[in-house]
Amino acid sequence: MRCILRRREIVADDWAYPGETAPAGTPLIIPLAALRTGPQAGQLPLGVLLAPADAVEELAPVVAHLALVAVEFPDGGDGRGYSQARLLRTRLGFTGELRAVGAGVRQDQVFLMARCGFDSLQLAPGVDPRAAQRALTRYTVAYQPGAAGVSLERQRFFSF
Amino acid sequence: MYRYDELDQALVDERVEEFRDQTRRHLAGELSEEQFRPLRLRNGLYLQRHAPMLRIAIPYGLLSSVQLRKLAAIARRYDRGVGHFTTRQNLQLNWPALAQVPEILAELATVQMHAIQTSGNCVRNVTADHLAGIAPDEVDDPRPYCEIVRQWAALHPEFTYLPRKFKIAITGAAEDRAVTEVHDVGLHLRRDAAGAPGFAVLVGGGLGRAPAIGTCMREFLPCADLLGYLEAILRVYNRYGRRDNIHKARIKMLVRSLGAARFREEIEAEWQAGRAAAPLLTAAELERVRWHFRPPPYATLQDRDVTAGAEPRFAAWYRYNTHAHRIPGYRAVFVSLKAHGSNPGDATAAQMDAVADLAERASFGLVRSTHDQNLLLADVRQDELHDVWRELERHSLATPNIGTLTDMIVCPGLDFCSLANAGTLSVARDIQRRFDDLDYLYDLGNIEIKMSGCMNACGHHHVGHIGILGVDKRGEEWYQISLGGSTRGRTTLGEVIGPAVPRQDVAATIERIVAVYRARRSGEERFIDTLRRLGLEPFRTAAYALHPQAA
């Protein structure tokens, strides 16, 4: 069973990707392309996986019906997922589980991810979940506005 | 200058601990080199030809004497007693040991310094006009805005993994001493009809491969919107900038591929859509930061003629190495790091200490690094200039060559850098030797030579009146020469004049080029103006005369 960091807790993943073996009734995280062809009714709660080049705007009409959005970080250098997360939270008003997934989800990136609105981290294989958990409190301060998922003692700039 | 508050200090302290942990994990084999690389780069650490290179941030080039002394102490203790000042106004150490870098960063944090984002694909050190706050031609002091942008960019959650590096420069002056037009974003301070400050926003300039001059995307951006608008630009870039080809990943390529008009629409649309969640620069915050840059307690003085009856060496130094100041009775003093026979931009620990002492004695305890790789004492009383000059002379820091041909910008090149194709330091030496006579230099007037050891253009060769680019030809070092680049007044990119020349011929080729200028200049005309008037051809012809080896 895969573990994830959800709201700073290490928990067993209760979602699955197509092709994975999972107990009956486990909700699925389907690629955006599959969502385009129409998600099957009765499959709710519904999760969608965004690749780095996917436009989050596509989710606008369905965002209220999504329970989970997973954003892929295929490697440590591709930062598009950070913008996807910010947009999902601040522009599309997505309030469900926002999950970072992929080889780029490592302990040295999770603090920034949490600040962008990820409240769920599916760590890359080999990453110690406890180390990642500690990394979420690495900083007590930040300059920029960000998500509430990370508790900060001080922040400098705020939005309107 | 800006002094850290508790938030600023906590951030750099926590960053040091984070990097200490990352370095420990890397040395213990828990973090592979591939995983460690983007992390160390975001702390300014490169693995170079001989040793790691650590690039320490000097935000907009401003240093206190205490900070400069700390840099000297670090250079002594962890390096070989020398630091190299760069065109981003930073300081590079060429010989630190990887395991000691966390300790160096911890020492820097004790004097409110860091190496955050001095490399890597993120927002780099923000640079400014080195005459900020004292220039007679200034609309507003850019440094408070630079500091605000520095803070906003530091560990930005959304923009720390960009397609490529991102450089911002700000100027408040009519003359663009911060080369803003060849930055990813260049900001020009302006005032609106009511006198409120704001910015003209240029986007998509850059050197390196496919050099480009920035396009004005906004004629006037109100101050309050500065950070929000930068976020809009960066979000468009982060989402749509190319990541499949490192040579096409800078924002200039995105501007080029979309076209300036379409790119402007994209930013404006993003700005409007994201406004509500964008960081706001409040008047109170601007005032808080601005307070740190209030003018020092200047004495009430008159301008005086300090060169009357003085020795000619001092008079020459005064003319070339000091600059007008907006306050009567003061001058800005360039500390030349371009002594003939030394590496351009290098300063020894002893020299750094000497400059720190002088700053305390004669310039309100502050020093600036310039993008031309010199230092500056910004606020020196004219009646102290002679003493300051003598002290600088004692430390080989008074070569009166600022603005002349030997005040070259030169990257470290093949001697240190693992990206370089060719050496630059030995070529710089050759040029210094050939143009060692000061009267000859003065007769040539303002000629800017800029030299890079590879296409990445750290030496800004594209915008040199004379640009020199090192290239590798079948394992040999050759040099491509370009003419006609400039930054001040009007930014232009130089044009390559022909085939590359071998190392031993570079200095002689340059001498033949400047001989054309000497023969054909009209009156007080500068080299660049003669070049613009005559065109490249006579210079090209002379450059390759007696030059059978060009290939």
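Everything in this summary refers to the structure shown in the same document.

**Some thoughts on the interface of chain B and chain A**
- Facing the 33 residues of chain B at the interface are 30 residues of chain A.
- Secondary-structure elements contributing two or more residues to the side of chain B that touches chain A are α1 (6-27), α2 (33-41), α5 (143-153), α6 (226-240), α8 (260-274) and β11 (279-280) of chain B.
- Residue contributions to the side of chain B that touches chain A peak at seven residues, all from α1(B).
- In terms of residue class, the side of chain B that touches chain A is built from 18 nonpolar, eight polar and seven charged.
- Inspection of the sheet shows strand β10 (residues 158-159) of chain A paired to β11(B) by two bridges, in the antiparallel sense. When the bridges of β11(B) are listed, Phe158(A) appears paired with Leu280(B).

**Digging into the nonpolar core**
- Counting 203 residues, the largest nonpolar core has Leu121(A), Ile233(B), Val335(B), Val355(B), Leu377(B) and Tyr479(B) as its most contacted members.
- Take this core: its biggest share by element is nine residues, from α6(B).
- Discounting residues that sit within four places of it in the chain, Leu121(A) has contacts with Ile4(A), Leu5(A), Ala100(A), Val105(A), Val110(A), Met113(A) and Ala132(A).

**Structural notes on the environment of Arg250(B)**
All names here are of chain B.
- Here Arg 250 lies in the loop between α6 and α7 (251-258).
- We classify Arg 250 as buried; it has 28 C-beta atoms within 10 Å.
- Residues Arg 250 and Pro 197 lie 53 residues apart in sequence; the distance between their C-alpha atoms is 29 Å.
- Look past the residues within four positions of Arg 250 in its chain and what remains in contact with it is Arg 164, Asp 184, Gly 206 and Gly 208.

**Observations regarding the pairing of strand β4 (residues 46-50) of chain A**
Residue and element names in this part refer to chain A.
- Taking burial as the measure, the five residues of β4 include five buried ones, the bulk of the element.
- In this structure, strand β3 (residues 29-31) lies alongside β4, joined through three bridges in parallel fashion. In the strand pairing of β4, Pro 31 is matched with Leu 49.

**Some details on the sheet that holds strand β10 (residues 215-222) of chain B**
All names here are of chain B.
- Overall, mixed pairing links the five strands, which are arranged β6-β7-β8-β9-β10 in an open sheet. Every other strand in the sheet has two partners, leaving β6 (127-128) and β10 as the edge strands with one partner each.
- Looking at chain direction, strand β7 (residues 168-171) and strand β8 (residues 185-191) are connected through four bridges and run parallel. Within β8, the residue paired with Ala 169 across the bridge is Gly 186.

**Focus: the sheet that holds strand β5 (residues 91-93) of chain B**
All names here are of chain B.
- Strand order in the open sheet formed by five strands is β1-β2-β5-β4-β14, and the pairing between neighbours is antiparallel. Two strands lie at the open edges of the sheet, namely β1 (45-47) and β14 (346-348), each paired on one side alone. Neighbouring strand axes in the sheet, compared pairwise and without regard to direction, differ in orientation by 30 degrees on average.
- The pairing of β1 with strand β2 (residues 52-56) spans three bridges and is classified as antiparallel. Each residue of the ladder has a partner; that of Leu 45, found in β2, is Leu 54.
- Contacts from helix α11 (residues 349-362) reach β4 (82-85) and β14 within the one sheet, and its direction differs from that of β14 by about 85 degrees.

Definitions and cut-offs
- Residues numbered from 1 in each chain as written.
- Chains lettered and ligands numbered in written order.
- Predicted model: local features only at pLDDT ≥ 70, side-chain atom pairs only at ≥ 80, totals over all residues.
- Contact = placed C-beta atoms within 7 Å.
- Helix = DSSP H or I, 4+ residues; strand = E, 2+ residues; numbered from the N terminus.
- Nonpolar A, V, L, I, M, F, W, Y, C, P; charged D, E, K, R; others polar.
- Pairing = 2+ DSSP bridges.
- Core = buried A, V, L, I, M, F, W, Y, C linked by C-beta atoms within 7 Å.
- Buried ≥ 20, exposed ≤ 12 C-beta atoms within 10 Å, placed from the backbone.
- Axes fitted to C-alpha atoms, helices over the stretch in contact; angles between N-to-C directions.

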